[in-house]
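Spelled out from the first residue to the last, the chains are:
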Amino acid sequence: MRLRNKPWAVKLVNDHPESVLQNPDPQEKIDWKNRFKNPDAPLQIEVGSGKGAFITTLAKQNPDKNFVALELQTTAAGIILRTKLEENLDNLQILRGDAADIDLFFEENSAEIIYLNFSDPWPKTRHEKRRLTYKSFLAKYKKVLMPEGHIEFKTDNSGLFAYSVQSLNNYGMHFDFVSVDLHHEKPEIVEKNVETEYEHKFAAKGNPIYALHANFKTK
Ligand code: SAM
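Okay, so let's go over this structure. These numbers were taken from a predicted model, which means no experiment stands behind them.

Re the packing of aromatic side chains
Here comes step 1: Tallying each qualifying case throughout the model produces 8 aromatic pairs.
Here comes step 2: When the centroid spacing of 5.0 Å and the interplanar angle of 5° are considered together, the rings of Trp32 and Phe106 count as stacked. One end of the pair, Trp32, is in helix α2 (residues 32–35); the other, Phe106, is in the loop between α5 (102–105) and β5 (111–117), and 74 residues separate them in sequence. Considered together, Trp32 and Phe106 belong to a single accessibility category, that of buried residues.

Written out as structure tokens, the structure reads:
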């Protein structure tokens, strides 16, 4: 998804370096603890946050946790930042960068959850390496996650879901939760679910939402 360039968003991002890190040098360590009000709170990362409905809701619901929205596009980063400032979310940071560098942006064993929500499907076989559940990405997520950490993945795209199940399984991951119709699961699961913008749009059209939680534990 490419958002139309919004000059106000670019300006907002440029005016708030304390909230948005833009294309940091992957060779330089980011001092995340210093960027959060509560430096020792557990860290969760969303890759490809879009306009940020999911991560800003999570940040609001969980003041005892820290969140990073990792997003390629400046306009999307600006829209997330606007919500962060309006809602005073000092447990949310925005990182404008590429998920391909996630293992350089974060220390090893530093995050408890990595969320992948409605990632671009890249349906052509020749683009397989760009899918965020391709094995090279999984290797990086494994580094960044704590040993007890896990990935949470949602999509409306059956092809990407099938591919991802196979890719995670081939990587030796274990599944804690799999759903091929998340919005029609038991009420306690549905009530806990935080919708993304894409999820809201596709579910309203009647599309099933696929979801899984998976970890790298060895047993
Ligand atoms: N997660 C949001 C949702 O569910 O509504 C947005 C989904 S949109 C289809 C995918 C988002 O991922 C876009 O905002 C895009 O810019 C971002 N994205 C794609 N590839 C990325 C990458 N390699 N690193 C960081 N963000 C990426």
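Regarding the site of the ligand
Here comes step 1: Not every one of the 17 residues close to the ligand is listed here, only the nearest: Gly48, Glu71, Gln73, Ala99 and Thr196.
Here comes step 2: Contact between the ligand and Glu71: an oxygen atom at 2.6 Å from a side-chain N or O atom of the residue.
Here comes step 3: One of the side-chain N or O atoms of Gln73 is found 2.9 Å from an oxygen atom in the ligand.
Here comes step 4: Split by residue class, the shell around the ligand holds 5 nonpolar, 7 polar and 5 charged.

Some remarks on the sheet that holds strand β2 (residues 43–47)
Here comes step 1: Strand order in the open sheet made by the 8 strands is β1-β4-β3-β2-β5-β6-β8-β7, with mixed pairing throughout. Looking at which strands have only one partner, the edges of the open sheet turn out to be β1 (20–22) and β7 (174–179). Looking at each pair of strands side by side, their axes are set apart by 15° on average, direction ignored.
Here comes step 2: On the sheet, helix α6 (residues 135–144) packs against β2, β5 and β6 (145–155) and is oriented at approximately 135° with respect to β6.

Digging into the packing of helix α1 (residues 7–15) against helix α4 (residues 74–87)
Here comes step 1: Interaxial distance between α1 and α4 falls to 8 Å at its minimum, and their mutual angle equals 65°. In terms of orientation, α1 and α4 fall into the roughly perpendicular class. As for how α1 packs across α4, the hand of that crossing is left-handed. Judged by residue contacts, Trp8, Ala9, Val10, Leu12 and Val13 of α1 engage Thr74, Thr75, Ala77, Gly78, Ile79, Leu81, Arg82 and Leu85 from α4.

A look at the pairing of strand β8 (residues 210–215)
Here comes step 1: Among the 6 residues in β8, 5 count as buried, and that is most of the element.
Here comes step 2: Here β6 runs beside β8; their pairing, made up of 6 bridges, is antiparallel. Along β8, the bridge assignment pairs Lys154 with Ala211.
Here comes step 3: Of the pairings in the sheet, the one linking β7 to β8 comprises 5 bridges and is antiparallel in character. In the strand pairing of β8, Phe175 is matched with Ala214.

Definitions and cut-offs
- Residues numbered from 1 in each chain as written.
- Predicted model: local features only at pLDDT ≥ 70, side-chain atom pairs only at ≥ 80, totals over all residues.
- Heavy atoms only, no water.
- Phe/Tyr/Trp six-rings, centres within 6.5 Å; stacked < 30°, edge-to-face > 60°.
- Helix = DSSP H or I, 4+ residues; strand = E, 2+ residues; numbered from the N terminus.
- Buried < 20%, exposed > 50% of the residue type's maximum accessible area, 1.4 Å probe, protein only.
- Near = heavy atom within 4 Å.
- Polar contact = N/O pair within 3.5 Å; in protein donor to acceptor, adjacent residues only side chain to side chain.
- Nonpolar A, V, L, I, M, F, W, Y, C, P; charged D, E, K, R; others polar.
- Pairing = 2+ DSSP bridges.
- Axes fitted to C-alpha atoms, helices over the stretch in contact; angles between N-to-C directions.
- Contact = heavy atoms within 4.5 Å.
- Parallel < 35°, antiparallel > 145°, perpendicular 65-115°, else oblique.
- Left-handed = near helix turned anticlockwise from the far one by under 90°.

No statement about biological role is implied by the geometric values presented.
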